[in-house]
Every structure is written in structure tokens, then in C-alpha cells.
Amino acid sequence: MEKPGWLKTKKIAGIFALLSFVTGFLFLNSSITGNVILDNKYPFDVISFIGLLLVLCSALLVAYILKK
């Protein structure tokens, strides 16, 4: 099964990189999204970890764009 050519373009990868970067920072900063009122019982926050992974994915996509 062959992948469509539009998935390999820099424009689509750039859009995905920008979206994951913005949403990653929204997940990292809980005061923007309104989660500041939640009780912080655990030192490890899963939502912040997801935000960190999204920022890492955006960095990998930017590296892919620059390499290509």
C-alpha cells in the first residue's frame, strides 16, 4: 500500500509541527487552560508529560523538515 504524496510534503509536516508545539505548551502551562484550580496531589502530572511529548514531537518534525 503506497502512501499519498501529500503526507510527505514540508507544508503538511510544518502544520503538524506548529499544532503540536502550540498544544504542547497549552498542556504544559496549566494556568492557561484553567487547570490551576485542581488539587495537586501528585508531584508527577500526566497532562504536563503529554505536553512535553508534544513539544518533543514538534522538534522532531522540524528536524525532519530541515533535513529534507
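Residues numbered from 1 in each chain as written. Predicted model: local features only at pLDDT ≥ 70, side-chain atom pairs only at ≥ 80, totals over all residues. Heavy atoms only, no water.

(A) Region of the structure containing the overall build of the protein. When helices and strands are counted, the protein shows 3 helices and 0 strands. Seen in sequence order, the protein has helices and strands lined up from the N terminus as α-α-α. For the protein, the residues scored as buried account for 12% of the 68 residues in total. A sequence separation of at least 24 residues applies to 76% of the contacts in the protein between residues at least 6 apart. If you sum the accessible surface of the protein, you get close to 5,800 Å²; carbon and sulfur atoms cover 73% of it. (Helix = DSSP H or I, 4+ residues; strand = E, 2+ residues; numbered from the N terminus. Buried < 20%, exposed > 50% of the residue type's maximum accessible area, 1.4 Å probe, protein only. Contact = heavy atoms within 4.5 Å. Areas by Shrake-Rupley, 256 points an atom, 1.4 Å probe, with all protein chains shown as cover.)

(B) Representation of the environment of leucine 54 within the structure. Looking at the element boundaries, leucine 54 is found in helix α3 (residues 46-67). Relative accessible area serves as the criterion here: at 23%, leucine 54 is assigned to the partly exposed category. The sequence separation of leucine 54 and glycine 24 amounts to 30 residues, and the corresponding C-alpha distance is 4.8 Å. Ignoring anything within four residues of it in the chain, the contact list for leucine 54 reads Ser20, Thr23, Gly24 and Phe27.

(C) Layout of the environment of valine 62. With respect to the secondary-structure elements, valine 62 resides in helix α3. For valine 62, a relative accessible area of 40% gives the class partly exposed. Separated by 46 residues in sequence, valine 62 and phenylalanine 16 have C-alpha atoms that sit 9.6 Å apart.

(D) A look at the packing of helix α1 (residues 10-28) against α3. In the contact formed by α1 and α3, the axes pass within 7 Å of each other and the chain directions differ by 155°. Classed by the angle they form, the pair α1 and α3 counts as roughly antiparallel. Considering the relative orientation of α1 and α3, their crossing is left-handed. (Axes fitted to C-alpha atoms, helices over the stretch in contact; angles between N-to-C directions. Parallel < 35°, antiparallel > 145°, perpendicular 65-115°, else oblique. Left-handed = near helix turned anticlockwise from the far one by under 90°.)

(E) Main features of the confidence of the model for the protein. Here the protein averages 76 in pLDDT, while 66% of its residues score no lower than 70. Of all helices and strands in the protein, the one with the weakest mean pLDDT is helix α2 (residues 30-33) (57), whereas α3 scores best (87). (pLDDT = per-residue confidence, 0-100.)

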